[in-house]
Amino acid sequence: AQSVTQLDSHVSVSEGTPVLLRCNYSSSYSPSLFWYVQHPNKGLQLLLKYTSAATLVKGINGFEAEFKKSETSFHLTKPSAHMSDAAEYFCVVSELDDYKLSFGAGTTVTVRA
Amino acid sequence: SAVISQKPSRDICQRGTSLTIQCQVDSQVTMMFWYRQQPGQSLTLIATANQGSEATYESGFVIDKFPISRPNLTFSTLTVSNMSPEDSSIYLCSVEVPVPPGYGYTFGSGTRLTVV
């Protein structure tokens, strides 16, 4: 069975500085990995997805994530934070060809002006 | 990718009553999923709904409490029955969509339910 651990429940950064959100996963088979963002009172939006293609995945809004099998990690980064990046971020895993998603507990990002 | 319209967006309900949540998708989809997000927590899958068959429920969720309908390939409802304050959560529907080279999932905007 798959599972996800988001290592930080809350991350606070200054506008214009890098953002790092850490995610470790556990999966019996080849996983599909996702990052979703949830802005206050809004639905979940897909940022990016990994499915055994390139290990460095580029997503929307300047986010990217690197899949490291040896470390079972899928950390999300952005080189320069913007105020609009303040939101809740979820790391999600599914087994290949399995529709069941396992969500991490979420990381709340605040951006200081 | 698919666009989901979910309603109501929020509701305040009396304990012991039931609320039906609707999800309409702008394209035909095989599977629809229902999730619960309890306050301050992550998402938990309630059930998977395929058109023409009974929904498949995850451990801890039962049909009597969360009956689901899936009358066609673009629509589904989730009912929260005999509500108690513990049912206060955000409920979201989701569908599988093509995200090359495979698939991903898009979500409705959620129904924020408060039971008093």
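Quick caveat, the model's predicted, so the values are computed rather than measured. Every chain begins its residue count from 1, and numbering advances along the sequence as written. Both sets of labels track the order of writing: A upward for chains, 1 upward for ligands. Thresholds applied to this predicted model are a pLDDT of at least 70 for local features of residues and 80 or more for the giving and counting of side-chain atom pairs; totals over whole chains, interfaces and linings are not thresholded and use all residues. Hydrogens and water are ignored here; the side-chain numbers use all heavy atoms of the structure.

Residues and elements named next belong to chain A. To count as a disulfide, a pair of cysteine sulfur atoms needs to be within 2.5 Å. All told, the structure shown has two disulfides over all chains when counted by the stated rule. Paired through a disulfide, cysteine 23 and cysteine 91 show a sulfur-sulfur distance of 2.0 Å. Note on the cysteine 23 and cysteine 91 pair: the S-S dihedral is about -70 degrees, so by sign convention the disulfide is left-handed. Within this pair, whereas cysteine 23 is found in strand E4 (residues 23-26), its partner cysteine 91 is found in strand E10 (residues 87-95), the two being separated by 68 residues in sequence. For helices the rule is a DSSP run of H or I covering at least 4 residues; for strands it is a run of E covering at least 2, with both sets numbered from the N terminus onward.

Before going further, it helps to spend a moment on the pattern of salt bridges. All names here are of chain A. Throughout this description, the term salt bridge denotes a Lys or Arg side-chain nitrogen within 4 Å of a carboxyl oxygen of Asp or Glu. Applying the stated criterion to the full structure yields five salt bridges over all chains. With a shortest N-O distance of 2.9 Å, aspartate 8 and arginine 22 are connected by a salt bridge. Pair noted here: aspartate 8 is in the loop between strand E1 (3-6) and strand E2 (10-14) and arginine 22 is in the loop between strand E3 (19-21) and E4, with a separation of 14 residues, a long-range link. Exposed residues in this analysis have more than 50% of their type's maximum accessible area, buried residues have under 20%, and partly exposed residues fall in between, with area computed by a 1.4 Å probe over protein chains only. You can call aspartate 8 buried: its relative accessible area is 17%. Using a relative accessible area of 32% as the deciding quantity, one classes arginine 22 as partly exposed. Between glutamate 64 and lysine 58 there is a salt bridge; the shortest N-O distance is 2.8 Å.

Here we take up unusual backbone geometry. For the bond running from B:Lys7 to B:Pro8, omega is 0 degrees, close enough to zero to count as cis. Position of B:Pro8 among the secondary structure elements: in the loop between strand E1 (4-7) and strand E2 (10-13). Of note, A:Asn61 is a non-glycine position whose phi angle comes to about 60 degrees, a positive value. If you trace the backbone, A:Asn61 turns up in the loop between strand E7 (56-58) and strand E8 (64-68). Backbone geometry at A:Thr72 places phi at a positive 45 degrees, although glycine is not the residue there. Along the chain, the position of A:Thr72 falls in the loop between E8 and strand E9 (73-78). Its relative accessible area of 32% is what places A:Thr72 among the partly exposed residues.

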